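Single-letter residue listing:
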Amino acid sequence: RLNAWETYTDCPYYEQLQYVGDTRVQAMITYYNSADVRLPRNAIELLDQSRLADGITMSRSPTRNPQIIPPFSLWYIGMLHDYWTYRGDDVFITDKLPGARAILQYFSRRQEADGSLKDVPFWNFVDWATGNGWSYGMPPKGSDGSSAILDLQLLWAYQWAAEMEDKLGVRYYADVYTQKAAQLRETIQRKYWDTGHGLYADTREKTSFSQHANSLAILTGMLNKTDMATVGKQLLADSTLTQCSIYFKYYLHQRLV
């Protein structure tokens, strides 16, 4: 309630801004507690209107100071899928699909031949985690410029977008996103899975492991049921893994369901 006014805000004291990452979680709380969709719809509208010429959204809206966090644009696609899943309104979401296409085009231009992202510009904030190569909220990046966490977020966005395009949009985009998701799944498995640890590593060098990468691996369907249960238990038991902060624990908890 402290963060739900004319817009959502990330906190009631400091920035008081509607950041995409925080807003997605807050909107889900709204869907659970209320049938009133005015705040989620307003958030989606404002964030859609914040998109820049290259296709991605700003990290927050409304704001006087531009700030770009590319992974938050992927969470925006998640917000569209959440609203469609829990509140329907096909017309509203169909109107927002061109924006989702622009976001995915931005990321597509930064994918290597194998589908992995390389050196995505701007601030690639994921979580306020510390240690094991994390810096200012950004996960470790491999020598090839890639990150398992960013690749997994992109995979999830392709999955969301493919489902929405299949039901509401253009079949061509549904097919393209399905193909891109399939390629990325293969690359993530080959590049980041570490048999010795029984976990997905944060980079191709496999020198660091996190709750973040493995939570996303479960949520994107990278694991079968048996391996999913094994990895899930390890995420809670292995204290050497980079731990989620309270913000990203939403996804850690979600993968336990």
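Q: For this particular structure, what's the right way to read the overall build of the protein chain?
A: A tally of regular secondary structure across the protein chain gives nine helices and two strands. Over its C-alpha atoms the protein chain spans a radius of gyration of 17 Å, differing by no more than 12% from the 18 Å that the globule rule assigns to 257 residues. For the protein chain, the C-alpha atoms occupy an extent of roughly 50 × 45 × 35 Å along the three principal directions. Considering the protein chain as a whole, with its 257 residues, one finds that 57% of them fall into the buried category. The contacts in the protein chain between residues at least 6 apart in sequence include a share of 65% that link residues at least 24 apart. Within the structure as shown, the protein chain displays about 12000 Å² of accessible surface, and the carbon and sulfur contribution to it stands at 53%. Taken as two groups, the 26 positive and 28 negative side-chain charges of the protein chain have centres that lie 1 Å from each other.

Q: Just checking my understanding: could you explain helix α2 (residues 38-49) for this structure?
A: Side chains that are three or four residues apart share a direction in an α-helix, a result of its 3.6 residues per turn. Its twelve residues place the ends of α2 16 Å apart at the C-alpha level, agreeing with the 16 Å of an ideal helix rising 1.5 Å per residue. For α2, the full list of buried residues reads Leu-39, Pro-40, Ala-43, Ile-44, Leu-46, Leu-47 and Asp-48. Of the surrounding secondary structure, the elements contacted by the buried residues of α2 are α1 (20-33), α3 (70-87) and α4 (90-108).

Q: Sorry if this is basic, but what is going on with the layout of surface pockets here?
A: Roughly 520 Å³ of volume is contained in the largest pocket. Around the largest pocket sit 20 residues that line it, and Asp-10, Asp-22, Trp-128, Ile-246 and Tyr-247 are the ones nearest its centre. The dominant element in the lining of the largest pocket, judged by the number of residues it contributes, is α1, at four residues. The computed volume of the second largest pocket comes to approximately 300 Å³. As for the second largest pocket, its lining consists of 14 residues, and the residues nearest its centre are Arg-1, Ala-4, Tyr-8, Thr-30 and Leu-39. Those elements that place two or more of their residues in the lining of the second largest pocket are α1 and α2. Counting residues per element, the lining of the second largest pocket draws most heavily on α1, at four residues.

Q: Teacher, can you tell me more about the nonpolar core here?
A: In a soluble, globular protein the nonpolar side chains are often hidden away together inside. Judged by nonpolar contacts, the single largest core of 79 residues is most densely connected at Trp-75, Leu-104 and Phe-107. For this core, the element with the most residues is helix α5 (residues 148-168), which contributes 14 residues. Ignoring sequence-local partners within four residues, the contact set of Leu-104 consists of Leu-74, Ile-77, Leu-154, Ala-157, Tyr-158, Ala-161 and Tyr-177.

Q: I keep staring at the side chain of Ser-146 and nothing clicks. Help me out?
A: Mapped onto the elements, Ser-146 comes out in the loop between α4 and α5. There is a polar contact of 2.7 Å between the side chain of Ser-146 and the side chain of Asp-144. At a separation of 3.3 Å, a polar atom in the side chain of Ser-146 contacts the side chain of Tyr-192.

Q: Where do I start with the environment of Ser-135 in this structure?
A: Among the secondary structure elements, Ser-135 is positioned in the loop between α4 and α5. Once the C-alpha coordinates of Ser-135 and Phe-92 are considered, the two residues, 43 residues apart in sequence, prove to be 38 Å apart.

Q: Looking at this model, I keep getting lost on the pattern of salt bridges. Mind explaining?
A: Pairs can form between side chains of opposite charge whenever their charged atoms are close. With the rule as written, the count across this model stands at 14 salt bridges. Residues Lys-96 and Asp-95 are paired through a salt bridge, measuring 2.9 Å at the closest nitrogen-oxygen approach. Here Lys-141 and Asp-119 are joined by a salt bridge, their closest N and O atoms 3.2 Å apart. Here Asp-119 lies in the loop between α4 and α5 and Lys-141 lies in the loop between α4 and α5, a separation of 22 residues in the sequence.

Q: Just to check I follow, could you spell out the side chain of Ser-215 for this structure?
A: Structurally, Ser-215 can be placed in helix α7 (residues 211-219). Not counting residues within four places of it along the chain, the set of residues in contact with Ser-215 comprises Leu-235, Tyr-251, Leu-252 and Arg-255.

Q: What's the story with the packing of aromatic side chains in this structure? I'm lost.
A: One pair of aromatic rings is described through two measures. These are the centre distance and the angle between the planes. Tallying each qualifying case throughout the model produces 26 aromatic pairs. With a centroid separation of 6.5 Å and 85 degrees between ring planes, the pair formed by Tyr-19 and Phe-72 is classed as edge-to-face. In this pair, Tyr-19 is assigned in the segment before α1 and Phe-72 in helix α3, connecting sequence segments 53 residues apart. Judged by its relative accessible area of 3%, Phe-72 falls in the buried class.

What counts and what doesn't
- Residues numbered from 1 in each chain as written.
- Predicted model: local features only at pLDDT ≥ 70, side-chain atom pairs only at ≥ 80, totals over all residues.
- Heavy atoms only, no water.
- Helix = DSSP H or I, 4+ residues; strand = E, 2+ residues; numbered from the N terminus.
- Rg over C-alpha atoms; globule rule 2.2 N^0.38 Å.
- Buried < 20%, exposed > 50% of the residue type's maximum accessible area, 1.4 Å probe, protein only.
- Contact = heavy atoms within 4.5 Å.
- Areas by Shrake-Rupley, 256 points an atom, 1.4 Å probe, with all protein chains shown as cover.
- Lys, Arg positive; Asp, Glu negative; His and termini not counted.
- Charge placed at Lys NZ, Arg CZ, Asp CG, Glu CD.
- Expected span 1.5 Å × (residues − 1).
- 1 Å grid on protein atoms, 1.4 Å probe; cavity = no way out; pocket = protein on both sides within 12 Å on 5 of 7 lines; lining within 4 Å.
- Points joined across faces, edges and corners; volume = space filled by probe spheres on them.
- Core = buried A, V, L, I, M, F, W, Y, C linked by side-chain atoms within 4.5 Å.
- Polar contact = N/O pair within 3.5 Å; in protein donor to acceptor, adjacent residues only side chain to side chain.
- Salt bridge = Lys/Arg side-chain N within 4 Å of Asp/Glu carboxyl O.
- Phe/Tyr/Trp six-rings, centres within 6.5 Å; stacked < 30°, edge-to-face > 60°.

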